[in-house]
Amino acid sequence: MRLFDCRNKEVINICDCRKLGFVSDIEFCPDTGKITALIVPGPMKLFSSRCHEGEIVIPFCCVRQFGKEIILVEINPKELPNDKGGKEMCK
């Protein structure tokens, strides 16, 4: 799978069935080449159509399954930013 393939997949948290968005970037270890995290833009800022509140960094160990159209992740909902720009998840 390539980065482009991931960017077309929506990320969904299986703990609360919340749609987190689409993958915007991937973090990887330069020594091993293994993926360490998926990065998804955070919630939209109030009264803005293009700006996001930070980003959600999803550790690769939280990824449960890659589907044809979605990526399922398992994250405690308390660790995710809320729609009003709550805390960022960063491990």
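As shown above, the structure is provided for reference.
Quick caveat, the model's predicted, so the values are computed rather than measured.

Considerations on the overall build of the chain
Broken down by element type, the chain carries one helix and seven strands. The linear arrangement of helices and strands in the chain, starting from the amino end, is α-β-β-β-β-β-β-β. Buried positions account for 31% of the 91 residues belonging to the chain. Excluding contacts between residues fewer than 6 apart, the proportion of contacts in the chain whose partners are at least 24 apart in sequence is 37%. As displayed, the chain offers around 6300 Å² of accessible surface, 52% of which is attributable to carbon and sulfur atoms.

Some details on the environment of L20
Inspection of the secondary structure assignment puts L20 in strand β2 (residues 18-22). Setting aside residues no more than four positions away along its own chain, L20 makes contact with V11, N13, V40, P41, I56, I58, V73, I75 and L80.

As for the pairing of strand β1 (residues 10-13)
On β1, burial covers both faces: E10 and I12 on one face and V11 and N13 on the other are all buried. Hairpin geometry of β1 and β2 is characterised by an intervening segment of four residues between the two adjacent antiparallel strands and by a positive phi of about 60° at C17. Pairing geometry for β1 and strand β7 (residues 70-73), over four bridges, is parallel. Note on β7: the bridge partner recorded for V11 is I71.

Things to note about the environment of K68
Note on placement: K68 falls in the loop between β6 (63-66) and β7. The class for K68 is exposed, based on a relative accessible area of 80%. In this structure the C-alpha to C-alpha distance between K68 and C6, which are 62 residues apart in sequence, comes to 9.9 Å.

Observations regarding the side chain of K9
As for its position among the elements, K9 is in the loop between α1 (3-7) and β1. Its relative accessible area of 8% is what places K9 among the buried residues. Separated by 2.7 Å, the side chain of K9 and the backbone oxygen of G67 make a polar contact.

Notes on the nonpolar core
V11, I58 and V73 are the most contacted members of the largest nonpolar core, which totals 15 residues. When contributions to this core are tallied by element, the ones reaching two or more residues are β4 (35-41), β5 (55-59) and β7.

Regarding the packing of aromatic side chains
All chains considered together, the criterion is met by one aromatic pair. Relative to F66, the ring of F60 lies with its centre 6.1 Å away and its plane at 35°, an arrangement referred to as tilted. Assessed through its relative accessible area of 30%, F60 is described here as partly exposed.

Criteria and cut-off values
Residues numbered from 1 in each chain as written. Predicted model: local features only at pLDDT ≥ 70, side-chain atom pairs only at ≥ 80, totals over all residues. Heavy atoms only, no water. Helix = DSSP H or I, 4+ residues; strand = E, 2+ residues; numbered from the N terminus. Buried < 20%, exposed > 50% of the residue type's maximum accessible area, 1.4 Å probe, protein only. Contact = heavy atoms within 4.5 Å. Areas by Shrake-Rupley, 256 points an atom, 1.4 Å probe, with all protein chains shown as cover. Pairing = 2+ DSSP bridges. Polar contact = N/O pair within 3.5 Å; in protein donor to acceptor, adjacent residues only side chain to side chain. Core = buried A, V, L, I, M, F, W, Y, C linked by side-chain atoms within 4.5 Å. Phe/Tyr/Trp six-rings, centres within 6.5 Å; stacked < 30°, edge-to-face > 60°.

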